[in-house]
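# Examining the three-dimensional arrangement
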Amino acid sequence: MRIVVTGSAGRLGRSVVQGLVASGHEVVGADRAASGIRSVDERAIDLLDAAAVAGLFDEVRPDAVVHLAAISVPFSAPELDILSTNTALGYTVAAAAAAAGVGRTLVASSPTVLGYGRPGWRPTALPLDEREPVQPANAYALSKTVLEEEVRMFARTSAGVFTSFRPCYVISPEEWAGAPTQQGHTVLERLRDPALAAVSLFNYVDARDAADFVEAWLAADPAAVDGECFFVGAADALAVEPVAALWRRYVPALGDAADGIGAGQPVFSVAKAERLLGWRPTRSWRDLVPGGVDAVAAPPAAHAPATAASTATASSAASAPVTAASTASAATPAAPANAAAPVAPRGTAASTTSAPAPATPVTAPSTTTPATPTPAPQIERVP
Ligand SMILES: NC(=O)c1ccc[n+]([C@@H]2O[C@H](COP(=O)([O-])OP(=O)(O)OC[C@H]3O[C@@H](n4cnc5c(N)ncnc54)[C@H](O)[C@@H]3O)[C@@H](O)[C@H]2O)c1
């Protein structure tokens, strides 16, 4: 297939184009920046320029478009800039694809649409899946929510297939090797201090697994994916200890149902992608961090619950603001704002939709109460 990948020079884009090229596709990367990947035909383009995007699609005549370009880190720019840029990028690319008669368009959204960094947020059921209500709580998450709606609109109104996906915290091959992740700290640091991964509910995905998802989507029955949205995450959590052993200290909002998340299991389910696309992640941090689990032997201080300040320091986005809520929460170590509330395991009567249960439903929630709950970090800067 001939495929245009926007954001091809980015953390995820580089793995997606390399995966597609390796599978024999003809790939054109579209980005303001250059990826430096020799085997890819790259075009320097401002994707906010609708005429330029239309011109590119007219020239390339792609069978598929994978739209990844975005301001990809929450709070890395003024909120209005993030909202307007990401929604305009998504609309410009999707509208051009619809007008050019592109057969398939895939758009990157984000798990943050669920709003899990917000004080007071509670899951309706665990593991989290595509049935969980969308409740964006910052401009980045709102922009992704709009993008998902844009996708549904074009799915409804045009001939092509339009799909969105929510990649978890993307880790690229060079980041496994020690390069800083998008939050500025390394994977090893993220594993050594659970507070760092707690803000994304310990989610992650290897960039090559996400690339494999793109391939599975390209091959999928159009009727199965048109207008749909998929979580794309690893099959395990980015943590040495099970989520069941961590949530009270780091994410009390998850509630007792998190006790049912088994050792190694993630908070996010990718059962829908497996069911409809036959895709499943195959890469685990345990095999990819040099030295594996043994290398994560954390110094004692690293296991102390993080404060907002310590989490902010770890971020590359030094200017990322701490929300008023997060500051208040950090300064008030009594009952956490996101204190545990009863949450049903997915697939019980609490779930009101008829969609199938995930492949690995959790067991009934425990009634154990945390002895001394500590406020979870309330900074939401993770896409
Ligand atoms: N990295 C993650 O953990 C993560 C998680 C969830 C969702 N996402 C989403 O996945 C997508 C890819 O993420 P990433 O980490 O690779 O991002 P990235 O920031 O590494 O790459 C984004 C790319 O988009 C390009 N771009 C931005 N605006 C552009 C414009 N106007 N014209 C041309 N190019 C432009 C940038 O040059 C950059 O190369 C994004 O949409 C992001 O929001 C990422």
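Residues numbered from 1 in each chain as written. Predicted model: local features only at pLDDT ≥ 70, side-chain atom pairs only at ≥ 80, totals over all residues.

The protein appears in an unreviewed UniProt entry as NAD(P)-dependent oxidoreductase from Herbiconiux daphne.

Once that is clear, we can look at the site of the ligand. Contacts to the ligand come from 25 residues, most closely from Gly-7, Gly-10, Leu-12, Ala-70 and Ser-72. The element contributing the most residues to the shell around the ligand is helix α1 (residues 11-22), with 3 residues. Looking at side-chain class alone, the shell around the ligand contains 15 nonpolar, 6 polar and 4 charged residues. (Near = placed C-beta within 6 Å. Helix = DSSP H or I, 4+ residues; strand = E, 2+ residues; numbered from the N terminus. Nonpolar A, V, L, I, M, F, W, Y, C, P; charged D, E, K, R; others polar.)

Moving on: helix α8 (residues 207-219). Helix length check: α8 (13 residues) gives 19 Å between terminal C-alpha atoms against 18 Å at 1.5 Å per residue, within 8%. Extensive coverage of α8 is indicated by the burial of 10 of its 13 residues. (Expected span 1.5 Å × (residues − 1). Buried ≥ 20, exposed ≤ 12 C-beta atoms within 10 Å, placed from the backbone.)

Spatial ordering of the open sheet is given by β3-β2-β1-β4-β5-β7-β10, a layout of 7 strands whose pairing is parallel. Both edges of this open sheet fall to β3 (41-44) and β10 (229-232), since each of them pairs with a single strand only. The sheet shows a mean angle of 20° between the axes of neighbouring strands, direction not considered. Where strand β7 (residues 161-167) lies against β10, 4 bridges are found, and the strand directions are parallel. Its bridge partner being in β10, Arg-166 is matched across the sheet by Phe-231. Packing against the sheet, α1 makes contact with β1 (2-6), β2 (26-31), β4 (64-67) and β7, and its axis sits at approximately 165° to β2. (Pairing = 2+ DSSP bridges. Axes fitted to C-alpha atoms, helices over the stretch in contact; angles between N-to-C directions. Contact = placed C-beta atoms within 7 Å.)

Assignment of secondary structure puts Ala-245 in helix α10 (residues 243-250). Classification of Ala-245 by C-beta neighbours within 10 Å gives partly exposed; the count is 15. Each C-alpha atom, one on Ala-245 and one on Gly-262, is 9.8 Å from the other, the two residues being 17 residues apart in sequence.

Pro-127 follows Leu-126 through a cis peptide bond whose omega is -5°. Tracing the backbone through its elements, the reader meets Pro-127 in the loop between β6 (125-126) and α4 (139-157). Phi at Arg-61 is positive, roughly 50°, even though this residue is not glycine. Positionally, Arg-61 belongs in the loop between α2 (50-60) and β4. What makes Arg-61 exposed here is the crowd of 11 C-beta atoms within 10 Å. Phi is positive for Leu-201, which is not a glycine, with a value near 55°. Considering the arrangement of structural elements, one finds Leu-201 in the loop between α7 (194-198) and β9 (205-206).

This brings us to the confidence of the model for the protein. Low pLDDT marks stretches whose predicted atomic positions should not be read closely. Per-chain confidence: the protein averages 83 in pLDDT, with 78% of residues scoring 70 or above. Predicted confidence is poor over residues 300-342, with pLDDT under 50, and the contacts of this stretch with residues over four places away or in other chains come to 84 contacts. Counting interchain partners and residues more than four positions distant, the pLDDT-below-50 stretch residues 347-382 has 103 contacts. (pLDDT = per-residue confidence, 0-100.)

Of all hydrophobic cores here, the largest spans 103 residues; its most connected members are Val-16, Ala-210, Val-214, Val-232 and Val-243. If near-sequence neighbours (up to four positions away) are discounted, Val-16 is found in contact with Val-5, Val-66, Leu-68, Ala-210, Ala-211 and Val-214. (Core = buried A, V, L, I, M, F, W, Y, C linked by C-beta atoms within 7 Å.)

The next subject is the pairing of strand β5 (residues 104-108). Of all 5 residues that make up β5, 5 are buried, and the element is covered over most of its length. Judged by which residues are buried, β5 turns out to be covered on both faces: Arg-104, Leu-106 and Ala-108 on one side and Thr-105 and Val-107 on the other are all buried. Bridging between β4 and β5 involves 4 bridges; their strand directions are parallel. Pairing of Ala-64 across the sheet is with Arg-104, part of β5. This β-α-β element, β4 to helix α3 (residues 79-100) to β5, shows right-handed connectivity. Here 5 bridges tie β5 to β7, and the two strands are oriented parallel to one another. Considered in β7, the bridge of Leu-106 is made with Thr-163. (Right-handed = clockwise from strand over helix to strand, strands pointing away.)

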